[in-house]
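Summary of structural features
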Amino acid sequence: MSTVRHIDHPLIKHSLTILRNKDTNTDIFRRHTAIVSKILIMEASRNLSLNEIPINTPLTETTGYEILESIVFVPVLRAGISMLFPARDFLPWAPVGFIGLERDEQTAIATEYYQKFPKNLADKQVIILDPMLATGGSLLDTITAVKGKGAKNVSCVCIVAAPEGIQLLQENYPDVVIYVAAIDEKLNSQKYIYPGLGDFGDRYFGTQL
Ligand code: PRP
Ligand code: URA
């Protein structure tokens, strides 16, 4: 079974078109990032186990449900923060681990500058959030880091991926499912996703100006 789940939804296509447009301003870019992220996170959480619980509505007793599994979100700093806000809307109690990685502009190799994870990742469902999967170096390092802390159940949620990055993750971590809104054509000579949407972090945080 493929470890890639391409979430092909009309609402995603609509919002992605706005994200890709170079004339989209920061405000609108943030809004459509949240829409795409929410749809992807809904898919990534589709198989969560539920516990039946008795509850009382104002009218009667009935059966409700509570989520059994413990989820940990791991946004990859900095751009992954953009997906943490929508994730938190669904699961506001979920612990959050952080890893900071920055690609060198010349080599496209990511260097880690920060790491802080909750304890006991072994029994948690770890959902890594990073909007761009380009060479795959950043996500490879992140998966290695969370697995190094004991995580066994790991998935990644990305907005745009390049085939090269997907291949790298599949070769190294075939157990990790990647949820993605778009799989683009290739990486360009600067290792940017093509056609892509440019530098996600700069566009989301308004630092491209
Ligand atoms: C971007 C993006 C990913 C990474 C993807 O981060 O958010 O983390 O590049 O590239 P890769 O698959 O080739 O590793 P960047 O390093 O630009 O940092 P930022 O999030 O601080 O903008
Ligand atoms: N990081 C981005 O923000 N965009 C790309 O296309 C590749 C890496």
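Residues numbered from 1 in each chain as written. Chains lettered and ligands numbered in written order. Predicted model: local features only at pLDDT ≥ 70, side-chain atom pairs only at ≥ 80, totals over all residues. Heavy atoms only, no water.

1. Observations concerning the overall build of the chain
- Each helix and strand in the chain was counted, giving 6 helices and 12 strands.
- A globule of 209 residues ought to have a C-alpha radius of gyration of about 17 Å, and the chain, at 18 Å, matches this closely.
- In terms of overall dimensions, the chain has C-alpha extents of about 60 × 40 × 35 Å along its principal axes.
- The buried share of the chain, reckoned over its 209 residues, is 44%. (Helix = DSSP H or I, 4+ residues; strand = E, 2+ residues; numbered from the N terminus. Rg over C-alpha atoms; globule rule 2.2 N^0.38 Å. Buried < 20%, exposed > 50% of the residue type's maximum accessible area, 1.4 Å probe, protein only.)

2. Comments concerning the site of ligand 1
- Among the 15 residues in the neighbourhood of ligand 1, the closest are listed as R103, D130, T135, G136 and S138.
- Between an oxygen atom of ligand 1 and a main-chain N or O atom of A79, the distance comes to 2.9 Å.
- T135 places a polar side-chain atom, nitrogen or oxygen, 2.5 Å from an oxygen atom of ligand 1.
- In isolation ligand 1 offers 500 Å² of accessible surface; the protein chains occlude 91% of this area.
- Those elements giving two or more residues to the shell around ligand 1 turn out to be β5 (98–103), β8 (132–133) and α4 (137–148).
- Counting residues per element, the shell around ligand 1 draws most heavily on β5, at 3 residues.
- Residue classes in the shell around ligand 1 are distributed as 6 nonpolar, 5 polar and 4 charged. (Near = heavy atom within 4 Å. Polar contact = N/O pair within 3.5 Å; in protein donor to acceptor, adjacent residues only side chain to side chain. Areas by Shrake-Rupley, 256 points an atom, 1.4 Å probe, with all protein chains shown as cover. Nonpolar A, V, L, I, M, F, W, Y, C, P; charged D, E, K, R; others polar.)

3. Here's the deal with the packing of helix α1 (residues 10–20) against helix α2 (residues 26–44)
- Following both chains from N to C, one finds α1 and α2 inclined at 150°, their axes separated by 9 Å at the closest point. Accordingly, the angle class assigned to the pair α1 and α2 is roughly antiparallel. Judged by the sense of rotation from one axis to the other, the crossing of α1 with α2 is left-handed. For the pair formed by α1 and α2, the contact residues are L11, I12, H14, S15, L16, I18 and L19 on the first element and I28, F29, H32, T33, I35, V36, I39 and L40 on the second.
- In the contact of α1 with α2, the residues fall into 11 nonpolar, 4 polar and no charged. (Axes fitted to C-alpha atoms, helices over the stretch in contact; angles between N-to-C directions. Parallel < 35°, antiparallel > 145°, perpendicular 65-115°, else oblique. Left-handed = near helix turned anticlockwise from the far one by under 90°. Contact = heavy atoms within 4.5 Å.)

4. Regarding the site of ligand 2
- Ligand 2 sits among R103, M132, A134, Y192, I193, G198, D199 and F200.
- The contact in question runs from a nitrogen atom of ligand 2 to an N or O atom on the backbone of G198, over 2.8 Å.
- Between an oxygen atom of ligand 2 and a main-chain N or O atom of F200, the distance comes to 2.8 Å.
- When ligand 2 is considered free in solution it has 240 Å² of accessible area, and contact with the protein chains removes 88% of it.
- Of the residues contributing to the shell around ligand 2, the split by class is 5 nonpolar, 1 polar and 2 charged.

5. Focus: the side chain of R203
- Counting through the fold element by element, R203 comes out in helix α6 (residues 200–205).
- Of the buried charged residues, R203 lacks a salt bridge, with D23 as the closest side chain of opposite charge at 7.6 Å.
- Of the polar contacts made by the side chain of R203, one reaches the backbone oxygen of L197; its length is 3.0 Å.
- Discounting residues that sit within four places of it in the chain, R203 has contacts with L19, R20, N21, K22, T24, T26, F29, L197 and Q208. (Lys, Arg positive; Asp, Glu negative; His and termini not counted. Salt bridge = Lys/Arg side-chain N within 4 Å of Asp/Glu carboxyl O.)

6. Regarding the packing of α4 against helix α5 (residues 163–172)
- Relative orientation of the contacting elements α4 and α5 amounts to 25°, with a least axis distance of 9 Å. In terms of their interaxial angle, α4 and α5 are classed as roughly parallel. The handedness of the crossing between α4 and α5 is right-handed. Taking contact as the criterion, the partners of G137, L139, L140 and I143 in α4 are, on α5, L168, L169 and N172.
- A breakdown of the residues in the contact of α4 with α5 according to their chemical character gives 5 nonpolar, 2 polar and no charged.

7. So, the packing of aromatic side chains
- Applying the stated criterion across every chain yields a total of 3 aromatic pairs.
- Relative to F205, the ring of Y204 has its centre 5.0 Å away and its plane inclined at 75°; by these criteria the two rings are edge-to-face.
- For Y204, a relative accessible area of 7% corresponds to the buried category.
- Through a chain of ring-to-ring contacts, three or more aromatic side chains come together here, namely F29, F200, Y204 and F205. (Phe/Tyr/Trp six-rings, centres within 6.5 Å; stacked < 30°, edge-to-face > 60°.)

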